[in-house]
Amino acid sequence: MFIIKLIIRNAFRHKLRAMLTVTGVAIAILAFGLLKTLVSLWYLGVEASSSTRLVTRSSISLVFSMPVSYKERIRHVPGVTGVSTMNWFGGVYVTEKNFFPNFAVEPESFLKVYPEFILDEREKKSFLTDRTGAVAGRKLAAKYGWKIGDRISLKGTIFPGEWNFVLRGIYHGAQKSTDESQFFFNWDYLNETMRKTVPRRADQVGIYVVAVARPDQAAEVAEEIDATFKNSLAETRTETEKAFQLSFVAMTEAIMIAIQIVSYVVIVIIMVVAANTMAMTARERIAEYATLKVLGFKGYHIAGAVFGESLFIAMLGGIAGVLLTFPAAGWLESTLSQFFPVFQIAPSTVILQFVAALIVGLVAGIFPTWRGATIQIAQGLRRIG
Amino acid sequence: MVAIDSEIVRLIDVSKSYYRGSQMIPVLEGISFDIVAGEFLALMGPSGSGKSTLLNLIAGIDKPDSGIIAVNGVDITTLSESDLAAWRAANVGFIFQFYNLIPVLTAFENVELPLLLTGLSRKKRKEHVETVLSLVSLSDRMDHYPSELSGGQQQRVAIARAMVADPPILVADEPTGDLDRVSAAEILGLMSRLVEDFGKTIIMVTHDPKSAEKAGRIVHLEKGELVSSSFSHQ
Ligand SMILES: Nc1ncnc2c1ncn2[C@@H]1O[C@H](COP(=O)(O)OP(=O)(O)OP(=O)(O)O)[C@@H](O)[C@H]1O
Ligand SMILES: [Mg+2]
């Protein structure tokens, strides 16, 4: 009881110093939490990918396309339960800054192959039947205030011109990790326009998304598809959606590792700063510790008071940091929605944040605790006179 | 163990030196004298003569290199660190030049400190604290923090703290060294009362001959040696 009273009063003895230390720890814990989340989210696309979906692309590179005629041939490969055509459109909404992923898809097969994009029946029907229809994720629609029936125009980058769509549906994700910030429109609209304007670019497909019934069929089916187009003009490379996603993520692996390291460096830095502050504090109180010892208090009483104060300050910072993480994540989610459709703090991250704060408190407390506990009374008392 | 009559403290051939690196600095050399129970003793001597060191030895917060320090028949030089802490809590009250109150604790809480180590109930502790605070006439300042008290008042709180566990011996290292004349006289008057009315034994280090006059006996130290011991007015 007494020791707790002493810890709390001592902690706030120098209000400014206590506040600065708590703020420092809070910011470090906040940064740590956000960076950790960022790294785990970067791999989220990989984790959320389906193991019963394959992606077929040109074997040369993703920027090369394949003839639309492949669709029927892939469908006939044994084990395939669905095929959808997809083209990365890369359109710009009003200005370059408003980036969001947008694709031309073949609506019916697309919704079958991607059961995690959920549309209600009426919206689904009007998307399937409207040649200029489009659907947007719930987040994306909310961000620009789109309502069903709105006219949306995108400026083409890969496919030149001004493209006008009518929003026919707003999908939501089946899982929390489902990306709700994408935009899909009718592949036929793209293809027919190309036929009229640049015929040589018509009937070309960027990727085929292929569904199989069971995950264990994936490897065999992928091999079979690639064998089908061997020695053709456009050879293919088929891999699981996970492998496909990983090939993107792999490009940024080094950056992610760097961020990972930075997240720990932040903690080490605050540890050193907090340790210095605690040591300074303990040094100033040597005579008080000596006085307590004179009165009969033991080394472990002093140790408890010093260590407790260090832990108390660090945990206050930790709690503040964790509490700040949520609004900060919300803010990041709204500003970085194009990169991180869901910026959610995992419970495990919160636990890690508290563990980090605890370690900061432990490490910062060790040296002053040892000093306080082992101080020689006569020596300590001389500090005053 | 050493036999005693009325001596509460008996020093026999006590020596103490400090080391600075490999260089030995002798501080006390072969000090022997007795202190009788109920005595008010003043330790005087020039700065650096070893007064504080001697006081610390008698109070059990430092240990001599050689010699015997018997307090109430117990040779405290043989006690372990931990036993010594318990011994101090039961036998010695401390009064310092700069009061050494804990700034984050109120007058009441500071005085209560020594009692926290005893098995006393909260209620009993409160009674004791209130009693000693009224003894030093600070009943109305119980909830004040040290920074809200004058030097004289802080020293009175410190005296209450030294008294609260009712130890037979009080040691004071220049208790009036940081006070003005009026406050100093007040503190000395209070200490005299503790000897006369409560039978405490007080050992006080002082530079001030006027303060020393209040004591029953004055012991002079010079360069670590006892040079004179004289009884004053009484
Ligand atoms: N921890 C220590 N290490 C080294 N030397 C010390 C230590 N403590 C005391 N001394 C030395 O011992 C001598 C006596 O010190 P002490 O504090 O007992 O003197 P004092 O008589 O109380 O002086 P003052 O009147 O100035 O308080 C001094 O020379 C001092 O420098
Ligand atoms: Mg001294």
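Refer to the preceding data block for the structure.
All values reported here derive from a predicted model rather than from experimental measurement.

About the thresholds
Residues numbered from 1 in each chain as written. Chains lettered and ligands numbered in written order. Predicted model: local features only at pLDDT ≥ 70, side-chain atom pairs only at ≥ 80, totals over all residues. Heavy atoms only, no water. Helix = DSSP H or I, 4+ residues; strand = E, 2+ residues; numbered from the N terminus. Rg over C-alpha atoms; globule rule 2.2 N^0.38 Å. Buried < 20%, exposed > 50% of the residue type's maximum accessible area, 1.4 Å probe, protein only. Contact = heavy atoms within 4.5 Å. Lys, Arg positive; Asp, Glu negative; His and termini not counted. Charge placed at Lys NZ, Arg CZ, Asp CG, Glu CD. Phe/Tyr/Trp six-rings, centres within 6.5 Å; stacked < 30°, edge-to-face > 60°. Salt bridge = Lys/Arg side-chain N within 4 Å of Asp/Glu carboxyl O. Axes fitted to C-alpha atoms, helices over the stretch in contact; angles between N-to-C directions. Parallel < 35°, antiparallel > 145°, perpendicular 65-115°, else oblique. Left-handed = near helix turned anticlockwise from the far one by under 90°. Arc of directions from axis to C-beta. Pairing = 2+ DSSP bridges.

Undergrad: Please give an account of the overall build of chain B that cites residues and values.
TA: When helices and strands are counted, chain B shows 7 helices and 10 strands. Taken over the C-alpha trace, chain B has a radius of gyration of 18 Å; the compact-globule value for 234 residues is 17 Å, and the two agree within 12%. Over its C-alpha atoms, taken along the principal directions, chain B stretches across nearly 50 × 40 × 40 Å. Split into buried and exposed, the 234 residues of chain B put 54% on the buried side. For chain B, the proportion of contacts with a sequence separation of at least 24, taken over those separated by at least 6, is 67%. Averaged over its 21 positive side-chain charges, chain B has a centre that lies 4 Å from the centre of its 30 negative ones.

Undergrad: Explain the overall build of chain A to me, and be specific about the residues and the numbers.
TA: Of regular secondary structure, chain A possesses 15 helices and 12 strands. Expected size for 385 residues packed as a compact globule is a radius of gyration near 21 Å; at 30 Å, chain A overshoots this value by more than 25%. Taken along the three principal axes of its C-alpha coordinates, chain A extends 95 × 45 × 35 Å. Across the 385 residues that make up chain A, the buried fraction comes to 50%.

Undergrad: Describe the packing of aromatic side chains, and please don't skip the residues or the numbers.
TA: Residues and elements named next belong to chain A. According to the stated counting rule, one finds 32 aromatic pairs over all chains in the structure shown. With centroids separated by 6.5 Å and ring planes inclined at 40°, the aromatic side chains of Trp 88 and Phe 99 adopt a geometry described as tilted. Highlighted residues: Trp 88 in strand β3 (residues 80-88) and Phe 99 in the loop between β3 and β4 (102-105), separated in sequence by 11 residues. The exposure class assigned to Trp 88 is partly exposed, which follows from its relative accessible area of 39%. Accessibility expressed as a relative area gives 38% for Phe 99, which makes it partly exposed. Ring geometry for Phe 89 against Phe 185: centres 4.9 Å apart, planes inclined by 85°, an arrangement best described as edge-to-face. Within this pair, whereas Phe 89 is found in the loop between β3 and β4, its partner Phe 185 is found in strand β9 (residues 183-186), the two being separated by 96 residues in sequence. On the accessibility criterion, Phe 185 (0% relative accessible area) is buried. In textbook terms, an aromatic cluster arises when at least three aromatic residues are bridged by ring pairs, as seen for Phe 89, Tyr 93, Phe 100, Tyr 144, Trp 146, Phe 159, Trp 163, Phe 165, Phe 183, Phe 185 and Tyr 189.

Undergrad: Summarise the pattern of salt bridges; cite the residues concerned and give the values.
TA: Where charged atoms from two side chains of opposite charge approach closely, those side chains can pair. Inspection of every chain in the model, using the stated rule, returns 27 salt bridges over all chains. Across the pair A:Arg195 and A:Asp203 runs a salt bridge whose closest N-O atoms are separated by 2.9 Å. The salt bridge involving B:Asp62 is made with B:Lys16; its shortest N-O contact spans 3.4 Å. Placement of the pair is B:Asp62 in the loop between α1 (51-58) and β4 (66-71) and B:Lys16 in strand β1 (residues 7-20), with a sequence separation of 46 residues. Here the two residues B:Asp62 and B:Lys16 agree in accessibility, since each one is buried. The network of salt bridges with shared partners includes A:Lys5, A:Arg9 and B:Glu109.

Undergrad: Can you tell me about the packing of helix α13 (residues 299-335) of chain A against helix α14 (residues 347-374) of chain A, naming the residues and giving the values?
TA: Residues and elements named next belong to chain A. One can describe the packing of α13 onto α14 by two numbers: an axis separation of 8 Å at closest approach and a directional angle of 155°. Here α13 is positioned roughly antiparallel relative to α14, judged by the angle of their axes. Regarding α13 and α14, the two cross each other, and that crossing is right-handed.

Undergrad: Let's hear about helix α1 (residues 2-11) of chain A: which residues, and what values?
TA: A:Phe2, A:Leu6, A:Ile7, A:Asn10 and A:Ala11 are the residues of α1(A) that are buried. Seen end-on, α1(A) carries its buried residues on one side only, within an arc spanning 160°. Those residues of α1(A) that are buried are in contact with α2 (15-42) and α13 of chain A together with α3 (107-116) of chain B.

Undergrad: Describe the pairing of strand β3 (residues 40-44) of chain B, listing the residues and the values that go with them.
TA: Residue and element names in this part refer to chain B. The buried count for β3 comes to 5 of 5 residues, which makes it a mostly enclosed element. Residues Phe 40, Ala 42 and Met 44 of β3 are buried on one face, and the alternating residues Leu 41 and Leu 43, pointing to the opposite face, are buried as well. Where β3 lies against strand β8 (residues 201-205), 4 bridges are found, and the strand directions are parallel. Of the residues in β8, the one forming a bridge with Leu 43 is Val 205.

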